[in-house]
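Each chain, written out:
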Amino acid sequence: MTFQFDQFAAAIRAGGEITARDTLALRQAIWSDGVLTQAEAQALFELNAMAKSKDPEWIAFFTEAVCDYVIDGSEPKGYVSEENALWVVEEIDSDGRVDSAGELELLVKLAEKANDLPNVLKFYALEQIEQIIISGDGPTREGDKTPHVVTAAEAALLRRLIFAAGGFGPAMVSREEADMLFRIKDACLGNDNAPEWEKLFVQGVANHLQGFSAYAPLTRERAQQLEGFMRNSSPSIARFFARMGQLDLKGGLADLFRAPDAPRDLDAEVEAAEAVTAPEKGWLDARIAERAGIDSYEQALLDFLAD
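Residues numbered from 1 in each chain as written. Predicted model: local features only at pLDDT ≥ 70, side-chain atom pairs only at ≥ 80, totals over all residues. Heavy atoms only, no water.

A. Molecular detail of helix α4 (residues 56-72). Between its first and last C-alpha, α4 extends 24 Å over 17 residues, near the 24 Å set by a 1.5 Å rise per residue. Among all positions in α4, only Trp 58, Phe 61, Phe 62, Thr 63, Ala 65, Val 66, Cys 67, Tyr 69, Val 70 and Ile 71 are buried. Taken together, the buried residues of α4 touch α2 (20-30), α3 (38-50), α5 (82-92) and α6 (101-113). Capping the start of α4 is the job of one residue whose side-chain oxygen sits 2.8 Å from the backbone nitrogen of Glu 57: Asp 55. (Helix = DSSP H or I, 4+ residues; strand = E, 2+ residues; numbered from the N terminus. Expected span 1.5 Å × (residues − 1). Buried < 20%, exposed > 50% of the residue type's maximum accessible area, 1.4 Å probe, protein only. Contact = heavy atoms within 4.5 Å. Polar contact = N/O pair within 3.5 Å; in protein donor to acceptor, adjacent residues only side chain to side chain.)

Given below as structure tokens:
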């Protein structure tokens, strides 16, 4: 980095703020060669933690730059490695929690931009937002520190996170996420929650029970295997098919070389997904039975499912 970065960092350590002009200078310095190194990404985390105040342009730059390094800084591009996932968690959790809007936005952006996230990062992101809601303390709270309340900002972040492409499936809500929605609902019941929260609870749990997606992204390991296979540029057709035979394709590229079975009936698949199965009903009944009676959120969910 140039532009007297050491002096700038010293000013931030002394209690300075990061302005929009500072952000532009950092953007030009860091991306002058088009590549962000881990040392530079580490420096961005340190600046984000030290700055007394930060311009909104900084948050956008910080999340964009670190996302690019974590998602596209190693092969295969578009995925987050276990190593990078642990690095992000260690950087954010150095003081035991998410304590800046930039760090919180980074967690959500990674889930939105990556094809898939390691579980350690998925669960960490969900846990951080849940903790902020329960404690009332975190970057989404400026003046009101009331615990056990879901704000509009927190509902929006949760929505982005649980429906993110890199989460447990594009626009699909997992059992873990549905359990979390119930936990938050129970903890915040009867309090002054944002209207957006009830809508998210109903739609999120209903999606878990009835959701359907025709698209399932490759895992990072699978993408790495196929990318390595395609990079082998041998012109030999015999060697090409020999390597094809060595791959454990399990319905991947092998589907390109055989006639398909009966075409998929997506309407029938959607209809089947919408039917709440006996195990799903058992899970829902058990969650509702944890409290005496049916609260307004659960009733809204049951009405939605009935419709």
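B. Expanded view of the pattern of salt bridges. Applying the stated criterion across every chain, the model contains 17 salt bridges. A salt bridge links Lys 145 to Asp 137; the shortest N-O distance between them is 3.4 Å. The class of Lys 145 is partly exposed, set by a relative accessible area of 40%. Residue Lys 185 pairs with Asp 186 through a salt bridge whose shortest N-O separation is 2.7 Å. Taking relative accessible area as the criterion, Lys 185 reaches 0% and is therefore assigned buried. Salt bridges sharing common partners tie together Lys 185, Asp 186, Arg 291, Asp 295 and Glu 298. (Salt bridge = Lys/Arg side-chain N within 4 Å of Asp/Glu carboxyl O.)

C. Local environment of the side chain of Asn 48. With respect to the helices, strands and loops of the structure, Asn 48 is situated in helix α3. Dropping the residues within four chain positions of it, Asn 48 is found in contact with Lys 54, Trp 58, Phe 62, Ser 100, Gly 102 and Glu 103.

D. Region of interest: a negative patch on the surface. A grouping of Asp 93, Asp 95, Asp 99 and Glu 127 is seen on the molecular surface, where their side chains present a negatively charged patch. Its location among the elements puts Asp 95 in the loop between α5 and α6. (Patch = residues over 30% accessible without salt bridge, like charges linked within 9 Å, V, L, I, M, F, W, Y side chains within 5 Å. Areas by Shrake-Rupley, 256 points an atom, 1.4 Å probe, with all protein chains shown as cover. Lys, Arg positive; Asp, Glu negative; His and termini not counted. Charge placed at Lys NZ, Arg CZ, Asp CG, Glu CD.)

E. Seen up close, the packing of α4 against α6. Two numbers describe how α4 lies on α6: the axes approach to 9 Å, and their chain directions differ by 45°. As judged from the angle between their axes, α4 and α6 are oblique. You can see that α4 and α6 cross each other, and the crossing is right-handed. Each of Ile 59, Phe 62, Thr 63, Val 66, Cys 67, Asp 68, Val 70 and Ile 71 in α4 lies in contact with α6, whose residues at this interface are Ala 101, Gly 102, Glu 103, Glu 105, Leu 106, Lys 109, Leu 110 and Lys 113. Residues belonging to the contact of α4 with α6 are distributed by class as follows: nine nonpolar, two polar and five charged. (Axes fitted to C-alpha atoms, helices over the stretch in contact; angles between N-to-C directions. Parallel < 35°, antiparallel > 145°, perpendicular 65-115°, else oblique. Left-handed = near helix turned anticlockwise from the far one by under 90°. Nonpolar A, V, L, I, M, F, W, Y, C, P; charged D, E, K, R; others polar.)

F. Spotlight on the confidence of the model for the protein. When pLDDT is averaged along the protein, the result is 82, and 77% of the positions lie at 70 or above. This stretch, residues 255-259, has a pLDDT under 50; its non-local contacts, to residues over four places away or in other chains, come to four contacts. (pLDDT = per-residue confidence, 0-100.)

G. Seen up close, the environment of Phe 123. Here Phe 123 is to be found in helix α7 (residues 119-135). A relative accessible area of 36% places Phe 123 in the partly exposed class. Each C-alpha atom, one on Phe 123 and one on Glu 177, is 9.1 Å from the other, the two residues being 54 residues apart in sequence.

H. Representation of unusual backbone geometry. Here the bond from Glu 75 into Pro 76 is cis, since omega is -10°, no more than 30 degrees from zero. A positive phi angle is found at His 148, which is not glycine, with a value near 60°. With respect to the element layout, His 148 can be found in the loop between α7 and α8 (152-162). Take His 148: its relative accessible area is 30%, and that puts it in the partly exposed class.

I. Broad picture of the side chain of Lys 122. Relative to the helices and strands, Lys 122 is located in helix α7. One polar contact links Lys 122 to Asp 116, side chain to side chain, over a distance of 3.4 Å.

J. Summary view of the packing of aromatic side chains. Under the definition given, this model contains nine aromatic pairs. Ring plane angle 90° and centroid distance 5.2 Å describe the contact between Phe 45 and Phe 62, whose orientation is recorded as edge-to-face. Taken as a pair, Phe 45 in helix α3 and Phe 62 in helix α4 lie far apart in primary sequence, 17 residues in all. Residue Phe 45 is classed as buried on the basis of its relative accessible area, which comes to 3%. According to the relative accessible area criterion, Phe 62 is buried, its value standing at 0%. Between Trp 58 and Phe 62 the ring centres are 5.9 Å apart and the planes differ by 25°, which places this aromatic pair in the stacked class. On the criterion of helical spacing, the pair formed by Trp 58 and Phe 62 is a turn pair, its members being four residues apart in helix α4. Each of the two residues, Trp 58 as well as Phe 62, counts as buried. One aromatic cluster is present, formed by Phe 45, Trp 58, Phe 61, Phe 62, Tyr 69 and Trp 87 through successive ring pairs. (Phe/Tyr/Trp six-rings, centres within 6.5 Å; stacked < 30°, edge-to-face > 60°.)

K. The packing of helix α14 (residues 278-288) against helix α15 (residues 296-306), seen in detail. Across the interface, α14 lies against α15 with an axial gap of 12 Å and an inter-helix angle of 155°. On the basis of their axis angle, the class for α14 and α15 is roughly antiparallel. Here α14 runs over α15; the crossing is left-handed. Note on element contacts: α15 touches α14 through Glu 298, Leu 301, Leu 302 and Leu 305, opposite Leu 284, Arg 287 and Ile 288.

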